[in-house]
Number of protein chains: 2
Amino acid sequence: MTGEHDGAVTRPDAPPGRTGRPPRTSRAQILAAARRILERDGWEKLTIRRLAAEAGVATMTLYHHVRDREDLLIQLINELADQLPPPDLSGDPRDRIVAAATSMHDALAAWPWAAEVLTTDGFLSRLGESALRVVEAIVAGAVDHGCTPAQAVHVYRSIWYYTVGEILVRANSRHRRAGDGRPAEGATLFSGPDPSLGDLDPSHQPHLAAIGDRWGVLAAQDTYPEGLRAFVDGLLARAGSPEPGGPAP
Amino acid sequence: MTGEHDGAVTRPDAPPGRTGRPPRTSRAQILAAARRILERDGWEKLTIRRLAAEAGVATMTLYHHVRDREDLLIQLINELADQLPPPDLSGDPRDRIVAAATSMHDALAAWPWAAEVLTTDGFLSRLGESALRVVEAIVAGAVDHGCTPAQAVHVYRSIWYYTVGEILVRANSRHRRAGDGRPAEGATLFSGPDPSLGDLDPSHQPHLAAIGDRWGVLAAQDTYPEGLRAFVDGLLARAGSPEPGGPAP
DNA sequence: GTTACTTTTCATACATGTACCAAAACTCAT
DNA sequence: ATGAGTTTTGGTACATGTATGAAAAGTAAC
């Protein structure tokens, strides 16, 4: 509460003209070691201690290059986002929005550990240019469709909530229960359906009970991008009118 | 990896006719102790060790009443859900859906720790009757509006993704950073806006940069229930037609 | 070279969730 | 009452993230 890790923390990489001891380990080396662990052992093995060992430094040394584990993951996300193809910025605005959201979704599905961090309040301000391109594409699409800035932000946020919710419910949770090590198969995260609800009491939950065994199958279906389009339509139908969820200041 | 905590675990409360030593501590006592900690010290203090101390048993004894921490939280959620008012099941289906979703959202906003657990795959099957009432209300509303069962499941899932995404991004994350103890003020979780994006390069992210300082204000606006309604409209517009995100089997 | 100062490095410590296992405690059939 | 079987209990141990603060290692001024 009092001490705030008082020393110099998380220098970008080369502090301008300070004087002290030069770092033996660079931020790039640490990120490289992290990527090595990710590829070799799976993301569940990416712990601070293991990373330090992989980088050949003491555990706490890492904390001079990253603020905390969360910061490490965000830096990794930004590195990985650099490899995403830039989103399309021309054509039908609605298509662009769906395409950008889908690309965001697919990236997260491939890196489920990233979702762990992307629920952090204010994470947007820590994203790099590559990751922000997707956000920009969605907002631009909404504005081009006729949304006010306030509405465009609302469109982006709704899509983001939907996306991160899907990822967390479907992908991340599977990893939490996976038990040991690596993801089951990496990309095909959506294999295990929700369980059957067939044993419900029809007098209490008639509709759920009626769906019963089919729930698992239905709930396992992918919702990207077709399912997304439906509610993007709903969001965009409000374009131009006031009150998209609150008045603009 | 090999041993699976082999003994009998997580007996509901009174196993039918088994023989062994009777438990000195009941599941109800443990849940009561957990609620006491929640109220007195805030949810961040609800650790397994502290709970054991509060209940007056050794740490590992808890694991005979709950499978793990996650299980404990789910049992708590079910207890708390019992106090929710039952959702309305008559009237305009669209209104019912929005009302049920809003009630679900408000409950989660009040218990941010619950979201930690509700991204677990298959959590639906561990919900009690009270919590399931909300799910039933949403599915029933969709069916009454003319959705096929497959579409109704899709509507529910979309709403759920959106809701849990919002909660995790806006509420849960704030708690993760809060540092010590209790939520800032309990119900009003949505006080701290996303940071400004005003320092972006307009040549790279023109739309985001244009929104700039206003981003924080806009992103802090509540999206329930008005924002939800917009995309529920979009989802329900598909009612009756095939392919709501995949064909029904 | 010596001194003062800054920064990096890392050993130690603590709280956490929980696996493992041995001992205790109880019921029931005999 | 005794022995067999079963369950509960809790001590010990490990991996985790990270706070703290001392020691080491460099640079700059003299």
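Note that this is a predicted model, so its numbers are computed, not measured.

Topic: the overall build of chain A
From N to C terminus, chain A includes 10 helices and zero strands. Reading chain A from its N end, one meets helices and strands in the order α-α-α-α-α-α-α-α-α-α. Taking all 249 residues of chain A together, the buried fraction comes to 41%.

Looking at the confidence of the model for chain A
Residues and elements named next belong to chain A. Mean pLDDT over chain A works out to 79, with 76% of the residues at or above the 70 mark. The low-confidence segment residues 175-194, where pLDDT is below 50, has 36 contacts with residues more than four positions distant or belonging to other chains. Overall, residues 244-249 carries pLDDT values under 50, and its contacts beyond four positions in sequence, including any with other chains, amount to 17 contacts. Across the assembled chains, the prediction reports ipTM 0.84 with pTM 0.85.

A closer look at helix H1 (residues 27-41) of chain B
Each turn of an α-helix holds 3.6 residues, which means side chains three or four residues apart point in the same direction. All names here are of chain B. Taking 1.5 Å of rise per residue, 15 residues should cover 21 Å, and H1 covers 21 Å from first to last C-alpha, within 8% of that figure. All of the buried residues in H1 are Ile30, Ala33 and Ala34. Taken end-on, H1 shows its buried residues confined to a sector of 100 degrees, consistent with a single buried face. Exposed positions of H1 whose direction lies more than 90 degrees from the buried face are Ala28, Glu39 and Arg40. Those residues of H1 that are buried are in contact with helix H2 (48-55) and helix H3 (69-81). Phi turns positive one or two residues past the end of H1, at Gly42, with a value near 90 degrees.

Focus on unusual backbone geometry
Cis geometry is found at the peptide bond from A:Tyr224 to A:Pro225, where omega equals -5 degrees. Structurally, the position occupied by A:Pro225 is in the loop between helix H9 (214-220) and helix H10 (226-236).

A short note on the nonpolar core
Generally speaking, nonpolar side chains in soluble globular proteins are found buried as a group. Within the largest apolar cluster, 126 residues are counted, with the highest numbers of intra-cluster contacts made by A:Ile138, A:Val139, B:Ile138 and B:Val139. In this structure A:Val139 touches A:Ala152, A:Val153, A:Tyr156, B:His207 and B:Leu208, once residues within four positions along its chain are discounted.

Description of the environment of B:Thr223
Residues and elements named next belong to chain B. In this structure, Thr223 sits in the loop between helix H9 (214-219) and helix H10 (226-236). With 24 C-beta atoms counted inside 10 Å, the residue Thr223 sits in the buried group. When the C-alpha atoms of Thr223 and Thr163 are compared, they prove to be 9.8 Å apart, with 60 residues separating the residues in sequence.

With respect to H10(A)
Along H10(A), nine of the 11 residues are buried, which leaves the element largely enclosed by surrounding structure. For H10(A), the complete set of buried residues consists of A:Gly227, A:Leu228, A:Arg229, A:Ala230, A:Phe231, A:Val232, A:Gly234, A:Leu235 and A:Leu236.

Considering the environment of A:Ala219
Structurally, A:Ala219 can be placed in helix H9. Taking C-alpha positions, A:Ala219 is 9.7 Å from A:Arg170, a pair spaced 49 residues apart along the chain.

A word on the environment of B:Ala131
Residues and elements named next belong to chain B. Along the chain, Ala131 falls in helix H6 (residues 129-145). Note: C-alpha distance between Ala131 and Leu218 (87 residues apart in sequence) is 32 Å. Look past the residues within four positions of Ala131 in its chain and what remains in contact with it is Ile77, Asn78 and Ala81.

Cut-offs used in this document
- Every chain is numbered on its own, with residues counted from 1 as its sequence reads.
- Chains carry letters and ligands carry numbers; both start at the beginning, A for chains and 1 for ligands, and go up in the order they are written.
- Given that the model is predicted, a residue must reach a pLDDT of at least 70 before its local features are reported, and side-chain atom pairs must reach 80 or more before they are shown or counted; all residues, however, enter totals for whole chains, interfaces and linings.
- In this text, helices come from DSSP runs of H or I with a minimum length of four residues, and strands from runs of E with a minimum of two, each type numbered from the N-terminal end.
- Partly exposed residues are those whose C-beta has more than 12 but fewer than 20 other C-beta atoms within 10 Å; 20 or more makes a residue buried and 12 or fewer makes it exposed, with C-beta atoms placed from the backbone.
- Values of pLDDT, the confidence the predictor places in each residue, fall between 0 and 100.
- The contact criterion used here is simple: two residues whose C-beta atoms, placed from the backbone, lie within 7 Å are in contact.
- By this rule, a helix spans an expected 1.5 Å times one less than how many residues it contains.
- The arc in question is the one spanned by the directions pointing from the helix axis to the C-beta atoms.
- Nonpolar cores are built from buried Ala, Val, Leu, Ile, Met, Phe, Trp, Tyr and Cys residues. These are joined into a set through C-beta atoms within 7 Å.

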